[in-house]
Amino acid sequence: MISPTETLWLALRALRRNTLRSGLTALGIIIGVAAVICMVSIGEGAKSRIRTQIEATGTNVVLLFSGSSSSGGMRGGMGSQPTITWEDVRAIQAELPAVRAAAPLSRTSTQAISETSTWTTTVYGTTPEYFTIRNWAIERGSGLTASDQAGAAKNAVIGWTVADKLFGSGVDPVGQVIRIRNAPYNVVGVLAKKGQGGMGEDQDDAIFVPVSAFQARIQGGLSQFVRGPVYVSAVSTEAIEPARAQIASLLRERHRLGPDQEDDFSTVSMAEMTGTLTSATQTLTTLLASIAFVSLLVGGIGVMNIMLVSVTERTHEIGIRMAVGAQPGDILAQFLIEALTLAAIGGAIGVLLGIGVGQLLASRFGWSLAVRTDIVAIALLVSAGVGVLFGLYPARKASRLDPIEALRYE
Amino acid sequence: MPLIELEQVTRLYRSGDTEFAALRAVDLAVEAGEFVAITGSSGSGKSTMMNILGCLDTPSSGHYRLDGRDVARLSRVELAAVRNRTIGFVFQSFNLLPRTSAAENVELPLIYARVPPAERRRRALDALERVGLAQRSSHQPSQLSGGQQQRVAIARALVTRPPLILADEPTGNLDSATSLDIMTLLAGLRASGITIVFVTHEPDIAAFAARRLTMRDGVIVDDRRQAAPPAAAATTHGASA
């Protein structure tokens, strides 16, 4: 066998002699590899984005829901029956060592009206602690205060999107008045931009009012119970599980639940939600990547097809090479390396194209992109493997030609 | 010891149930340095003979000793090595690689002889100079005349410095003036000690050889030595080296 570099040189020359065909053959591999890289990178980007967004929701956050109710054999789901009282929230915040803060979050979808426009948005009722839990800063003006909460003040803090839709870009919303369900609210502050949430929702499309005012004027209900989830932040990441345990035992005690009774509340940590969402994204990524790998396989079959054509077409050349002393192994290596080179060059271009297209899509649709080097390496290896696998049969066919027959072939 | 020694060489071709003997129990000895022409009508077995002499084909029975070594039972790999080192081929249709320069064509056997690139190029240029084509080393076959292409092919046959050159109708595709040039070139090589065996059906080409074999129906029916014609005897332009 002649040296690998020599064989590579022969292969490159042969491929260059038929540039158009080599290019078209490589295209199958290019598209396959590019699809794999693009899909996986976008999937990875989505995953890391979900992770950062959920982390942006607030680190160490535990959500507390009113429990599942069961009455007359009917079981309601989480939150179907209000069971958590204001006193419960206060006790969680005050008594539990693993808890830093707790805040209820009631919500409803309704219209907000300014002097110039109307906008349908989500109105939340909460307490000042909510913004601490979510690390959400006030961009302009001031936040809700404890006295707003105590006096059910008609003050509101609005998100960026709401500010833009109701007042436009030229006007300072602080000091303006908005009407929600026929009651006027003073805008005291505008929140810093937060962007998309973990579910793809616009977190800045929100109005926050004191939960006392919310219950009194926007959405009534039994006044001693909290509607909606309670956001609880643990003092540290390590304190998340202790906090959940402490909340559970406190609420069981406060709700006088016997040992054989189920919890009438439930908690979920952000870490759990992150896990669920990222695993859903992972499934999608795997699905897309496997489709992309199929296209890589199709590209490989294209390589085999062209190599077979090439062997037939170059039968005479093979005959000449054999006549001057090429051994069957030399011919095998030449065609194998040719297929391998085709696949490897296609793979390399595919990687660049995949990253390029991924970046283009990412910037156009506002996705994020995370190129995983291991996937790049795997895609390159697979495309080279495809080259070897699908080049082997044509190469063997070439190496087994009878020199006399091959020389006679025109 | 003869360079070529055939002993009872038979080559059978089978198609379906019928068997056809292209060569029948041929005996032949060619000494080193001989200049041999094989003539005969088509179907006489001369091409089969060339294929066997060239180690492109193996006999169905009998022995073929090339340079003292019985090559009749060698494997494909071993035959390739013999073709590379011991034999230089010249074909009727030149058999150069298209879209490949003359120098690269001449280098081809050296690639398979594992000669390093720099030495390969030097030896290819030497060989091209020996056939009078040093100025055309970068030309591709399509840019060369038939006679020039055959000279490139001869350079390729020479480049591994084989003891034996086999030429199958080397002038078959050339006009008569060019044919004479090519034969003069081969005759010149013979003068430098290389054994040459060629096939032709043209009497004036066969006349260049010092020994002339005639084949018919797979056997050698005539084997005679002859005086080389004056044109071939004279050592001429570009051929001596």
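Residues numbered from 1 in each chain as written. Chains lettered and ligands numbered in written order. Predicted model: local features only at pLDDT ≥ 70, side-chain atom pairs only at ≥ 80, totals over all residues. Heavy atoms only, no water.

Draft legend 1. Up close: the overall build of chain B. For chain B, the helix and strand inventory stands at 8 helices and 10 strands. The globule rule puts the C-alpha radius of gyration for 241 residues at 18 Å, and the 18 Å found for chain B is close to it. Summarising its shape, the C-alpha atoms of chain B cover approximately 50 × 40 × 35 Å along the three principal directions. Per-residue burial for chain B yields a buried fraction of 54% across its 241 residues. Contacts spanning at least 24 positions in sequence make up 68% of the contacts within chain B whose residues lie at least 6 apart. In the structure as shown, chain B presents an accessible area of about 10,100 Å², 48% of it carried by carbon and sulfur atoms. Each charge sign in chain B was given a centre, from 27 positive and 25 negative side chains, and these centres are 5 Å apart. (Helix = DSSP H or I, 4+ residues; strand = E, 2+ residues; numbered from the N terminus. Rg over C-alpha atoms; globule rule 2.2 N^0.38 Å. Buried < 20%, exposed > 50% of the residue type's maximum accessible area, 1.4 Å probe, protein only. Contact = heavy atoms within 4.5 Å. Areas by Shrake-Rupley, 256 points an atom, 1.4 Å probe, with all protein chains shown as cover. Lys, Arg positive; Asp, Glu negative; His and termini not counted. Charge placed at Lys NZ, Arg CZ, Asp CG, Glu CD.)

Draft legend 2. Here's a closer look at the overall build of chain A. Scanning chain A from N- to C-terminus turns up 13 helices and 12 strands. Against the compact-globule benchmark of 22 Å for 410 residues, chain A has a radius of gyration of 33 Å, which places it well outside the compact range. Considering only C-alpha atoms, chain A reaches an extent of 100 × 60 × 40 Å along its principal axes. For chain A, with 410 residues in total, the buried portion stands at 50%. Sequence-distant contacts in chain A: of pairs separated by 6 or more residues, those separated by 24 or more amount to 77%. Accessible surface, chain A as shown: approximately 18,900 Å² in total, 60% of it carbon and sulfur. Of the charged side chains in chain A, 33 are positive and 32 negative, and the gap between their average positions amounts to 5 Å.

Draft legend 3. Focus on the domain arrangement of chain A. The domains assigned to chain A are domain 1 (4-53 + 275-408) and domain 2 (82-263). Taking the mean C-alpha position of each, domain 1 of chain A and domain 2 of chain A sit 55 Å from one another. (Domains from an automatic or database assignment.)

Draft legend 4. Spatial organisation of the pattern of salt bridges. A full pass over the atoms with the stated rule returns 28 salt bridges over all chains. Across the pair Arg211(B) and Asp223(B) runs a salt bridge whose closest N-O atoms are separated by 2.8 Å. Of the two residues, Arg211(B) sits in strand S9 (residues 211-216) while Asp223(B) sits in strand S10 (residues 219-225), which places them 12 residues apart along the sequence. Residue classification places Asp223(B) among the partly exposed residues on the basis of a relative accessible area of 41%. Counted as one network, the salt bridges with shared partners bring together Glu6(A), Glu107(B), Arg120(B) and Arg121(B). (Salt bridge = Lys/Arg side-chain N within 4 Å of Asp/Glu carboxyl O.)

Draft legend 5. Molecular detail of the interface of chain A and chain B. The partner chain B presents 26 residues to the 27 residues of chain A that form the contact. For the pairing of chain A and chain B, the buried interface totals around 2,300 Å² over both sides, and the portion due to carbon and sulfur atoms is 56%. Across the contact surface, chain A and chain B share 3 salt bridges. Close ionic contact of Asp330(A) with Arg114(B) constitutes a salt bridge, the shortest N to O distance being 3.4 Å. Taken together, the links from chain A to chain B amount to 9 residue pairs in polar contact (both at pLDDT 80 or more). Among the elements of the structure, helix H1 (4-17), helix H10 (315-323), helix H11 (328-365) and helix H13 (403-408) of chain A are those that each provide at least two residues to the side of chain A that touches chain B. In terms of residues, the side of chain A that touches chain B owes the most to one element, H10(A), which gives 6 residues. Residue composition of the side of chain A that touches chain B, by class: 13 nonpolar, 5 polar and 9 charged. (Buried area = accessible area lost by both parts, 1.4 Å probe. Polar contact = N/O pair within 3.5 Å; in protein donor to acceptor, adjacent residues only side chain to side chain. Nonpolar A, V, L, I, M, F, W, Y, C, P; charged D, E, K, R; others polar.)

Draft legend 6. Geometry of the environment of Ala127(B). Residue and element names in this part refer to chain B. When you line up the elements, alanine 127 lands in helix H4 (residues 117-130). A residue is classified by how much of its surface remains accessible, and alanine 127, at 5% relative accessible area, is buried. Between the C-alpha atom of alanine 127 and that of isoleucine 154, which follows or precedes it by 27 residues, the distance is 8.6 Å. In this structure, alanine 127 is in contact with Val106, Ala155 and Val159, ignoring residues within four places of it in sequence.

Draft legend 7. Quick peek at a nonpolar patch on the surface. The grouping of Leu20(A), Leu24(A), Leu27(A) and Ile31(A) at the surface amounts to a nonpolar patch, some 410 Å² of accessible area in total. Considering the arrangement of structural elements, one finds Leu27(A) in helix H2 (residues 19-56). (Patch = residues over 30% accessible without salt bridge, like charges linked within 9 Å, V, L, I, M, F, W, Y side chains within 5 Å.)

Draft legend 8. Seen up close, the pairing of strand S3 (residues 35-40) of chain B. Residues and elements named next belong to chain B. Most of S3 is tucked away, with 6 of its 6 residues classed as buried. On S3, burial covers both faces: Phe35, Ala37 and Thr39 on one face and Val36, Ile38 and Gly40 on the other are all buried. Two strands pair when backbone bridges link them, and S3 and strand S8 (residues 195-199) are joined in this way by 4 bridges, in the parallel orientation. Paired with isoleucine 38 across the bridge in S8 is valine 199. Of the pairings in the sheet, the one linking S3 to S9 comprises 5 bridges and is parallel in character. Following the sheet pairing, valine 36 is matched in S9 by arginine 211. (Pairing = 2+ DSSP bridges.)

Draft legend 9. Geometry of the sheet that holds strand S5 (residues 69-70) of chain B. Residue and element names in this part refer to chain B. Reading across from one edge, S2-S1-S4-S5 is the order of the 4 strands in this open sheet, with antiparallel pairing throughout. The sheet is open, and its two edges are formed by strand S2 (18-30) and S5, each paired on a single side. Each of strand S1 (4-15), S2 and strand S4 (61-66) touches helix H1 (residues 46-53); the most contacted strand, S1, lies at about 120° to it. (Axes fitted to C-alpha atoms, helices over the stretch in contact; angles between N-to-C directions.)

Draft legend 10. Looking closely at the packing of H11(A) against helix H12 (residues 373-399) of chain A. All names here are of chain A. It is at 7 Å that the axes of H11 and H12 come closest, and there the two elements cross at 150°. Viewed along their axes, H11 and H12 adopt a mutual orientation that is roughly antiparallel. The crossing of H11 and H12 is right-handed. The residues of H12 that touch H11, namely those facing Pro328, Ile331, Leu332, Phe335, Leu336, Ala339, Leu340, Ala343, Ala344, Gly347, Ala348 and Val351, are Val376, Leu380, Ser383, Ala384, Gly387, Val388, Gly391, Leu392, Ala395, Arg396, Ala398 and Ser399. When grouped by side-chain class, the residues that make up the contact of H11 with H12 number 18 nonpolar, 5 polar and 1 charged. (Parallel < 35°, antiparallel > 145°, perpendicular 65-115°, else oblique. Left-handed = near helix turned anticlockwise from the far one by under 90°.)

Draft legend 11. Spotlight on the confidence of the model for chain B. Looking at chain B as a whole, the pLDDT averages 90, with 94% of positions reaching at least 70. Across residues 232-241 of chain B, where pLDDT falls below 50, the model places 14 contacts with residues more than four positions away in sequence or in other chains. (pLDDT = per-residue confidence, 0-100.)

Draft legend 12. The confidence of the model for chain A, seen in detail. Per-chain confidence: chain A averages 85 in pLDDT, with 93% of residues scoring 70 or above. Low confidence marks residues 69-75 of chain A, where pLDDT is under 50. Its contacts with residues over four positions away, or in another chain, come to 9 contacts.

Draft legend 13. Seen up close, H12(A). All names here are of chain A. The end-to-end C-alpha distance of H12, which contains 27 residues, comes to 37 Å, matching closely the 39 Å that a straight helix rising 1.5 Å per residue would cover. The sharpest bend along H12 comes to roughly 40°, located at leucine 392, with the proline proline 394 sitting one to four residues further on. Among all positions in H12, only Ile375, Val376, Ala379, Ser383, Val386, Gly387, Phe390, Gly391, Pro394, Ala395, Ala398 and Ser399 are buried. (Expected span 1.5 Å × (residues − 1). Bend = angle between axes of the 7 residues up to and from the residue.)

Draft legend 14. The arrangement of the packing of H1(A) against H11(A) in detail. Residue and element names in this part refer to chain A. H11 packs onto H1 with a crossing angle of 65° between their chain directions and a minimal axis gap of 8 Å. Our classification of the angle between H1 and H11 gives roughly perpendicular. Crossing geometry of H1 relative to H11 is assigned as right-handed. Every residue of H11 that contacts H1 at Thr7, Leu8, Leu10, Ala11, Leu12, Ala14 and Leu15 is listed here: Ala333, Gln334, Ile337, Glu338, Thr341, Leu342 and Ile345. The residue makeup of the contact of H1 with H11, split by class, is 10 nonpolar, 3 polar and 1 charged.

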